[in-house]
Amino acid sequence: MANLDTTCVQGGYRPGNGEPRQIPIIQSTTFKYDTGTDMGKLFDLEASGYFYSRLQNPTCDTVAAKICALEGGTAAMLTSSGQAASFFSIFNIAQAGDHVVSSSSIYGGTFNLFNVTMRKMGIEFTFISPDCTDEELEAAFRPNTKAVFGETVANPALTVLDIERFAKAAHAHGCPLIIDNTFATPINCRPFEWGADIVTHSTTKYMDGHGSAVGGCIVDSGKFDWTKYADKFPGLCTPDESYHGITYTERFGMEGAYITKATAQLMRDLGATQSPQSAYYLNLGLESLHLRMKQHCKNAQAVAEFLAGHEKISWVKYCGLKGDKDYALAQKYMPNGSCGVVSFGVKGGKAAAEKFMEALTIAAIETHVADARSCCLHPASTTHRQLSDEELVACGVTPDLVRLSCGIEGTEDLVADVAQALEKI
Ligand SMILES: *Cc1c(COP(=O)(O)O)cnc(C)c1O
């Protein structure tokens, strides 16, 4: 099933004769075996199968397989949230004393996770602008750098990452490039085709798409040769004494080592697993992802173009606008559209922004994006309020910034709603 549209609808699951057409929700914490030996083989990772849903569950694996196919990866796992996916994606290959290079233009929750919580765990981060020079990028690396992290289209700054350039720099230093592809989704961009090695998602956003279930996903391209840098990645390339002395790269190869370790070790110990019920909702969302993304992008383009010409708007950030600084990058990486989120500044700053948001009738004020229903947010006073002014600037969040997530409602209705709300300020 090479076609992405078909994969959205049918990927990951092929029922046999007389089996359910929709994916079964295996609402079971545990699985029954005839002998202890049978189960022992599972614990030793000698046979594949299920024994406890904290580590793996058939419903979750079915949905992970669909996302894996959409991204063109070799292995994938669901996590309880996008935050868990971001954390696992790095913690799977880095530990206290290690270092990671990250784009500074990332989701506020991820920035906090890296800059505060993971620093407390002893992992250092260097944040660099996606627009940095080659020299600045080069200078960010240290001998103990284990990964490079960035977002295809950043939330909420909406900058576009030059994936190929960052992949080249990462690989030159023996590091994988991890891309959070939440906003673009594999419908609009497939980072593995541009050299990324690992992809993460907050499936809470477009993939679920209906505001029903919090979730995350990690996908491995299977292309990063960990054994080439065995000294850098001992967790993957030397025996795991906590797992019967298994060496993940030896047993599962380039295509399976990373996700198997993340499941067998991190999910076992940290338990940030997704429930089968949530995975079912996620799959329902995925079935129409290809259709919804088109409408999200169409609506965002129309709203962005309307705002760009409006006297009460000081600036608009949408990479689909011809004058946008990221327009060329967006055309390269996302020729069919980027995402449904538009950021802009309302003249009159915070007060005007709030008045505008309250006057909207279609878009609701929510801590959410990428939903079928339009929603809006003032990041500086909500999601990003814990950041200092300097950190806000580094994240691309100014005090007047309104983030409008265009849903899949009628284009004319959405533009008219924005127009009437602007008249009220
Ligand atoms: C929302 C979001 C996250 C965090 O995901 P949760 O599912 O809310 O934990 C991570 N990255 C991006 C780009 C996001 O938009």
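Residues numbered from 1 in each chain as written. Predicted model: local features only at pLDDT ≥ 70, side-chain atom pairs only at ≥ 80, totals over all residues. Heavy atoms only, no water.

Brief notes about the domain arrangement of the protein chain
Consideration 1: Split by domain assignment, the protein chain resolves into domain 1 (4-283) and domain 2 (290-423).
Consideration 2: Each of domain 1 and domain 2 has a C-alpha centre, and these two points are 28 Å apart.
Consideration 3: Taken together, the contact between domain 1 and domain 2 spans 39 residues of the former and 38 residues of the latter.
Consideration 4: Its largest share of buried area at the contact with domain 2, domain 1 owes to L158, N188 and Y206, together 23% of the area lost on that side.
Consideration 5: Across the domain 1-domain 2 interface, the total number found is two salt bridges.
Consideration 6: Its salt-bridge partner being D131, residue K325 comes within 2.9 Å of it at the nearest N-O pair.
Consideration 7: Between domain 1 and domain 2 we count 16 residue pairs in polar contact (both at pLDDT 80 or more) in total.
Consideration 8: Of all the elements in the fold, those that place two or more residues in the side of domain 1 that touches domain 2 are α1 (4-10), α5 (108-120), α7 (163-172) and α8 (185-188).
Consideration 9: For the side of domain 1 that touches domain 2, the per-class residue count stands at 18 nonpolar, 14 polar and seven charged. (Domains from an automatic or database assignment. Contact = heavy atoms within 4.5 Å. Buried area = accessible area lost by both parts, 1.4 Å probe. Salt bridge = Lys/Arg side-chain N within 4 Å of Asp/Glu carboxyl O. Polar contact = N/O pair within 3.5 Å; in protein donor to acceptor, adjacent residues only side chain to side chain. Helix = DSSP H or I, 4+ residues; strand = E, 2+ residues; numbered from the N terminus. Nonpolar A, V, L, I, M, F, W, Y, C, P; charged D, E, K, R; others polar.)

Quick look at the nonpolar core
Consideration 1: Counting residues in hydrophobic clusters, the biggest one holds 56 residues, and the most contacted among them are L78 and L177.
Consideration 2: Elements with a contribution of two residues or more to this core: α3 (58-71), β1 (75-79), α7, β5 (177-180), β7 (216-220), α11 (276-286), α12 (289-308) and α13 (327-333).
Consideration 3: Ranked by the residues each element gives to this core, the list is headed by α3, at six residues.
Consideration 4: Summarising the domain contributions, this core has at least three residues from each of domain 1 (4-283) and domain 2 (290-423). (Core = buried A, V, L, I, M, F, W, Y, C linked by side-chain atoms within 4.5 Å. Buried < 20%, exposed > 50% of the residue type's maximum accessible area, 1.4 Å probe, protein only.)

As for the site of the ligand
Consideration 1: As a matter of local geometry, the ligand sits amid 14 residues, with N155, D180, S202, T204 and K205 nearest to it.
Consideration 2: Separating an oxygen atom of the ligand from a side-chain N or O atom of N155 is a distance of 2.8 Å.
Consideration 3: The side chain of S202 places a nitrogen or oxygen atom 2.8 Å from an oxygen atom of the ligand.
Consideration 4: In isolation the ligand exposes 380 Å². Once the protein is present, 92% of that is buried.
Consideration 5: Classifying every residue of the shell around the ligand gives two nonpolar, nine polar and three charged. (Near = heavy atom within 4 Å. Areas by Shrake-Rupley, 256 points an atom, 1.4 Å probe, with all protein chains shown as cover.)

Looking at the pattern of salt bridges
Consideration 1: In this structure the tally under the stated criterion is 12 salt bridges.
Consideration 2: For the salt bridge of E164 with K332, the shortest nitrogen-to-oxygen distance reads 2.5 Å. One end of the pair, E164, is in helix α7; the other, K332, is in helix α13, and 168 residues separate them in sequence.
Consideration 3: Judged by its relative accessible area of 31%, E164 falls in the partly exposed class.
Consideration 4: With a relative accessible area of 34%, K332 lands in the partly exposed category.
Consideration 5: Residues participating in the shared-partner salt-bridge network are D131, K317, D324, K325 and D326.

Considerations on unusual backbone geometry
Glycine aside, residues mostly have negative phi angles, and peptide bonds mostly take the trans form.
Consideration 1: With an omega of 5 degrees, the peptide bond between N155 and P156 qualifies as cis.
Consideration 2: With respect to the helices, strands and loops of the structure, P156 is situated in the loop between β4 (145-151) and α7.
Consideration 3: Residue L45 is not a glycine yet carries a positive backbone phi of 60 degrees.
Consideration 4: By secondary structure assignment, the location of L45 is in the loop between α2 (36-43) and α3.

What to know about the sheet that holds strand β9 (residues 341-346)
Consideration 1: One open sheet holds the five strands; their spatial order is β8-β9-β12-β11-β10, and the pairing between them is mixed. The two strands at the open ends of the sheet, each matched to only one other strand, are β8 (313-317) and β10 (364-365).
Consideration 2: Both β8 and β9 contribute to a ladder of four bridges, which runs antiparallel. Across the sheet, the residue bridging to K317 is S343, located in β9.
Consideration 3: The strands touched by α12 within the sheet are β8, β9 and β12 (401-405), with β9 carrying the most contacts at an inclination of about 15 degrees. (Pairing = 2+ DSSP bridges. Axes fitted to C-alpha atoms, helices over the stretch in contact; angles between N-to-C directions.)

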